[in-house]
Amino acid sequence: TMFNRQKIGKYFIQLCGTTPCMICGSEDIRKTIENHLGIKNGQTTKDGMFTLLEVECLGACANAPMIQLNDDYYECLTPATTIELLEACKRDEPPAMGKWGSLPMNGQVSCEGPLGKTSLFEIVAPTVAEGRFAEGSVDPASVKEHMDY
């Protein structure tokens, strides 16, 4: 359920445990969080600051492993960057989000690789041939033809 039926901590850590994150190290991230905060999955720290919950896919597979901390995504985590994140939250200074609304913790931007953007440098405007839809309708049997397939 998306509704919490128990009180959660100030920082609600939802750890993705689905296959792409698991393959990329989410189990190490879970162990790091558990050891650093002294809680297990489904528990809240005694001071009420953190709650940990392993969840299914959060849709950031390209930047696995990742967590959702309250409403924000922190991606490309390592045990070291996870501890940095937890310590920043303990100081009530979580890192600011990147321009795309998430923060890959390895310095990259969004889901670009380590070399940055490598394709799609230009935005190509779609072209429609003059008079292509002059008749005002398209026969469903010929849709692919009209779509230039």
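Predicted model, so just to flag it, every value in this text is computed and none were measured.

Some remarks on the overall build of the protein
Then, number 1: Per the secondary structure count, the protein includes 4 helices and 5 strands.
Then, number 2: Each helix (α) and strand (β) of the protein, taken in turn from the N terminus, gives the series β-α-α-β-β-β-α-β-α.
Then, number 3: Taking all 149 residues of the protein together, the buried fraction comes to 33%.
Then, number 4: In the protein, 62% of the contacts between residues at least 6 apart in sequence involve partners at least 24 apart.
Then, number 5: Looking at the protein as shown, the accessible area adds up to about 10200 Å², and 54% of this sits on carbon and sulfur atoms.

Quick notes on helix 3 (residues 79–90)
Then, number 1: For helix 3, built from 12 residues, the straight-helix expectation of 16 Å at 1.5 Å per residue is met to within 8% by its first-to-last C-alpha distance of 17 Å.
Then, number 2: Where helix 3 is concerned, the buried positions are Thr81, Thr82, Leu85, Leu86, Ala88 and Cys89. Seen from one end, helix 3 has its buried residues packed into an arc of 160°, which puts them on one side.
Then, number 3: Buried positions along helix 3 lie against strand 1 (11–16), helix 2 (26–37), strand 2 (50–55), strand 3 (67–69) and strand 4 (72–75).
Then, number 4: At the exit of helix 3 stands Asp92, carrying a positive phi of roughly 60°.

Overview of the environment of Ile29
Then, number 1: Mapped onto the secondary structure, Ile29 falls in helix 2.
Then, number 2: C-alpha separation for the pair Ile29 and Thr78, spaced 49 residues apart in sequence, amounts to 6.7 Å.
Then, number 3: Beyond its immediate stretch of four places on either side in the chain, Ile29 contacts Leu15, Pro65, Ile67, Leu77, Thr78, Pro79 and Thr82.

A look at the side chain of Thr81
Then, number 1: Within the secondary structure layout, Thr81 lies in helix 3.
Then, number 2: Look at Thr81 and you get buried, because its relative accessible area is 12%.
Then, number 3: Within the structure, the side chain of Thr81 is placed 2.8 Å from the backbone nitrogen of Thr78, a separation counted as a polar contact.
Then, number 4: Not counting the four nearest positions on each side in its chain, Thr81 is found in contact with Cys76 and Met105.

Observations concerning the pattern of salt bridges
Then, number 1: Within this structure, the stated rule accounts for 6 salt bridges.
Then, number 2: A salt bridge links Lys10 to Asp92; its shortest N-O distance comes to 2.9 Å. On the criterion of sequence distance, the pair formed by Lys10 in the segment before strand 1 and Asp92 in the loop between helix 3 and strand 5 (102–104) is long-range, its members being 82 residues apart.
Then, number 3: Lys10 gets classed as partly exposed once you look at its relative accessible area, which sits at 45%.
Then, number 4: What makes Asp92 partly exposed here is its relative accessible area of 41%.
Then, number 5: A salt bridge links Glu34 to Arg30; its shortest N-O distance comes to 3.2 Å. Linking Glu34 with Arg30, this pair stays in helix 2, spanning 4 residues, or about one helical turn.
Then, number 6: Its relative accessible area of 10% is what places Glu34 among the buried residues.
Then, number 7: Of the residues examined, Arg30 reaches a relative accessible area of 21% and is grouped as partly exposed.
Then, number 8: A single network of salt bridges, built from pairs that share partners, joins Arg30, Glu34, Lys40 and Glu54.

How each quantity is defined
Residues numbered from 1 in each chain as written. Predicted model: local features only at pLDDT ≥ 70, side-chain atom pairs only at ≥ 80, totals over all residues. Heavy atoms only, no water. Helix = DSSP H or I, 4+ residues; strand = E, 2+ residues; numbered from the N terminus. Buried < 20%, exposed > 50% of the residue type's maximum accessible area, 1.4 Å probe, protein only. Contact = heavy atoms within 4.5 Å. Areas by Shrake-Rupley, 256 points an atom, 1.4 Å probe, with all protein chains shown as cover. Expected span 1.5 Å × (residues − 1). Arc of directions from axis to C-beta. Polar contact = N/O pair within 3.5 Å; in protein donor to acceptor, adjacent residues only side chain to side chain. Salt bridge = Lys/Arg side-chain N within 4 Å of Asp/Glu carboxyl O.

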